[in-house]
Structure formats: structure tokens, C-alpha cells
Amino acid sequence: MQPLHARYPFMAAAREAVEAAAVDLGEVVATDEAVVERALERVQSAITNRTVGEPHRQTRVELLSYPVARVLVSLVDQHVCTRKYAEAEAETAYDRFVEAFERTTELKSTQGSQVSLRDLLAEFDLGSVVHERSDGYWIEVGPYLEMAADQRGDEWRLVNRTLADGRVAITRAELHVLLKQAIRHRVEDGLPFDVPDAIGQELTDEAEQIREVLSELDLTREIDTVVPELFPPCMKALLDQVQKGEHLEHHSRFAIATFLVGIGMTTDEIVELFQVNPGFGEEATRYQVNHIRGETSPTEYSTPACSTMQSYGDCVNKDDLCERIAHPMGYYEQKLDDSEDDELTDWRDEQDEGGDEDAADA
């Protein structure tokens, strides 16, 4: 086990080093407290800080903490945890290889704990599809489309790229970003997996600690899509009550309002939605929503976790996905991720279209 393997544990050479050492993962989680603690730190830090934390001074502990961290992510089995963990591992690797590249020639052979661009390209079978040019690189169209699929921004769309002979022109910095995406996909591949009972039992407390962190934090990405049919059952029920003009308790109004704020609805849109509710007052409702948003208060409030929804009796009509996710926003995010973008119609767009049709008829 070499320092290079510990710095880049997703690489095939790292996996081979662990296999060559005949490591028994069950024995490790049962007897090696340092490895388990470092693995727990990797996951918790990924959730809260988008990094896997400071590396352990011992190469063996640092390297073995990676497969144990993957076990913990699999035991927790929540989409937002898997995503955050893979992103953090990729972000950490990205910071490390960019720093290494800045200190040496990118195509220089691997030395010590550092990796070269040639190594990373070979790791992801890109050596023959990426070629140097005067001010950057060329990459073949197929690999480019696959690696850039997750990138946001019009600059990544093929129509906005320089294209010649089936190759796309990219800068050095863009190649680094694409490699980070390849690393994220490598880390995320196969997660979560079935964990043997003997190993899972040894890590019960650690998995529960991670679940507690998840339940306390709002861990969703920025969302600006309103698709009611994908709402978690609890929010569907509350929205239905709002639209029927039924009375909602304060905790229920707070829950649905924070959820709607969290998915990108404006104060005006939420106020309009609540107009049919008994005792509606526009000024009071607007103040409450802005208070939740943090505009009239020092705190920006998050949607209550599932445990809180349960304690207030707002958790209803649970489905299979509810059993695996600890936060309504996490539920909604996974539903969005599982849907094709071209199949999603924002509720607000439908309202606008309806208004345009009414205006045309008038």
C-alpha cells in the first residue's frame, strides 16, 4: 500500500493493492478502530463540508477507510448521502491532482504520492481520445458528451463548442473538470450495495450517526422545479388540503411553506396558493413566508425532517421511498433525478400557459 493509493483510492491500482494485501474487511471493521473512525469522518465530512476531511497520517488507515466508507454509505442507503459522498471524493481528488499538475509537468510520470495527467487519462480509458493542441486539448465527441452530460451551463452544450473532425476543443481547466466527473462516476458506481450482515452489525452505530446528520441538515441541491406529482406523500397531502381550502395547523402550514420555498417558489406564488385557505390574510401570509425565507428574520428555515413530520402527525401515506429517505426534500430530489428532464413540466409553466390562453380568449 503506497501513499499514491491512499490519495487516490478510487484507482484500480489502489484496489489491487488492497486485494494483494489479502485484507479481510470484516476483521478490519471489527478490530481496527482507526480505520472505522476515519471512514465515518469521510462520510460525515462529505455531507457537511463537501470534502472527505484531512487524510490520516498512516497510509494503511487512509486507504482502508475508503472501502469502509463505501460500506457506510451503502448501509445508510439514502440517495442524497450517496451523491454527496461521491461528489466529495471527486472534489478532494480534483483539488489534489490540480495542485500536483501546477507543481510539475502534467504528462510527467507518477512520482511518490502524486499522479500525472497521463495516469488519469489511462485510468478512465481516455488516453487515445484526448490529444494536446496549442492552447488546450481535443477530445472525441462521444467521450465528451458522456463526461459533460452532468455539467451545467450553456458553454458545455455541443452546439456552443468548437468541433472539428469529430473532436471537441476544450481548455486544460475544462479537461480537469471532466476528469473530476469521471472520478465521481467511478466512486458512485455500484453504490449502494448489499452489505453482509456480519459487517453491517459492526457498523450499526456509525451508520446511525450518519442518518442523524442527514436528518438534521437540509442537504438538497438548489431546486427550482415545481412538479406536484413528484412531491413526497406528506407534501402532496398538505398541498391538497391547501387547495381544498381546508384549515391547516400552524406546524402543517410551516411544513408546506418551507417545502415550497425550498423548491424555488417565490413569495408571491406561495401567497397566491394560500388565498383559498380559511382565515387567509395576504399581509400575514407574506410576512410568514418572508420570515421562513430569512428576509425578515436572521434565520432561513429548512423543511422539517421526516422524524419531525411524524411527531406532528403530518407524515401520511408513506411509500417505499419514504422508508429509505429521512427528509422530504431528499425524497423530492430523488424523484426529480429519476425523471427525464423532457418529461418534467413545471407547475408554474402550466399556470402561465393557462393564463395566456384565457387572455387570448378574452
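Here's what I pulled together on the structure shown here.

Overview of the sheet that holds strand β4 (residues 167-170)
Logical step 1: The 4 strands are arranged β1-β2-β4-β3 in an open sheet whose pairing can be described as antiparallel. Two strands in the sheet have a free side with no partner beyond their single neighbour: β1 (130-133) and β3 (163-164).
Logical step 2: As judged from the 2 bridges shared by β3 and β4, these two strands associate in the antiparallel manner. From the neighbouring strand, alanine 164 faces β4, where its bridge partner is arginine 167.
Logical step 3: Its contacts with the sheet place helix α8 (residues 141-148) against β2 (136-140), β3 and β4, and it is angled at close to 100° to β2.

What to know about helix α13 (residues 250-262)
Logical step 1: With 13 residues, α13 should reach 18 Å at 1.5 Å per residue; the first-to-last C-alpha distance of 18 Å fits that figure.
Logical step 2: Looking at the buried positions of α13, the neighbouring elements they touch are α12 (233-243), α14 (267-274), α15 (282-293), α16 (306-311) and α17 (328-337).
Logical step 3: Positive phi shows up at glycine 264, right after α13, with a value of about 105°.

Observations regarding the packing of aromatic side chains
Logical step 1: Counted by the stated rule, this structure contains 8 aromatic pairs.
Logical step 2: Ring centres of phenylalanine 97 and phenylalanine 101 lie 5.3 Å apart, and the angle between their planes is 40°; this geometry places the pair in the tilted category. Of this pair, phenylalanine 97 and phenylalanine 101 both sit in helix α6 (residues 79-103), 4 residues apart, which is roughly one turn of the helix. Here phenylalanine 97 and phenylalanine 101 have matching classes, each one buried.
Logical step 3: Judged by centre distance (5.7 Å) and plane angle (65°), the ring pair of phenylalanine 259 and tyrosine 332 falls under edge-to-face. Residue phenylalanine 259 is located in helix α13, and its partner tyrosine 332 is located in helix α17; the two are separated by 73 residues in the primary sequence. For the pair shown, phenylalanine 259 and tyrosine 332 are each scored as buried.
Logical step 4: A connected cluster of aromatic rings, assembled from ring pairs, spans Tyr8, Phe10 and Phe124.
Logical step 5: Of note, arginine 161 hangs over the ring of tryptophan 156, and the distance from its end group to the ring centre comes to 5.7 Å.

Rules behind the numbers
Starting afresh in each chain, residues are numbered from 1 along the sequence in its written order. Per-residue local features of the predicted model are confined to residues with pLDDT of at least 70, and side-chain atom pairs are confined, for both listing and counting, to 80 or more; whole-chain, interface and lining totals are unaffected and use all residues. Side-chain calculation: all heavy atoms of the structure are included, whereas hydrogens and water are not. We treat two strands as partners when DSSP finds at least two bridges between them. Here a helix means four or more residues in a row that DSSP labels H or I, a strand means two or more in a row labelled E, and each is numbered from the N terminus. Note on contacts: a residue pair qualifies if any of its non-hydrogen atoms lie within 4.5 Å across the two residues. The convention used is that axes are lines fitted to C-alpha atoms, helices contributing only their stretch in contact, and that angles between N-to-C directions extend from 0 to 180 degrees. For a helix, the expected span equals 1.5 Å multiplied by the residue count minus one. For this analysis, a ring pair means two rings from Phe, Tyr or Trp (six-membered ring only for Trp) whose centres lie within 6.5 Å, classed as stacked if their planes differ by under 30 degrees, edge-to-face if by over 60, and tilted for the remaining angles. Only protein chains enter the accessibility calculation, which uses a 1.4 Å probe; a residue is then buried when its area is under 20% of its type maximum, exposed when over 50%, and partly exposed in between. Ring-over charges, as used throughout, are those where CZ of Arg or NZ of Lys falls within 6 Å of the ring centre and within 35 degrees of the ring normal.

What is shown is where atoms sit, not what they do.
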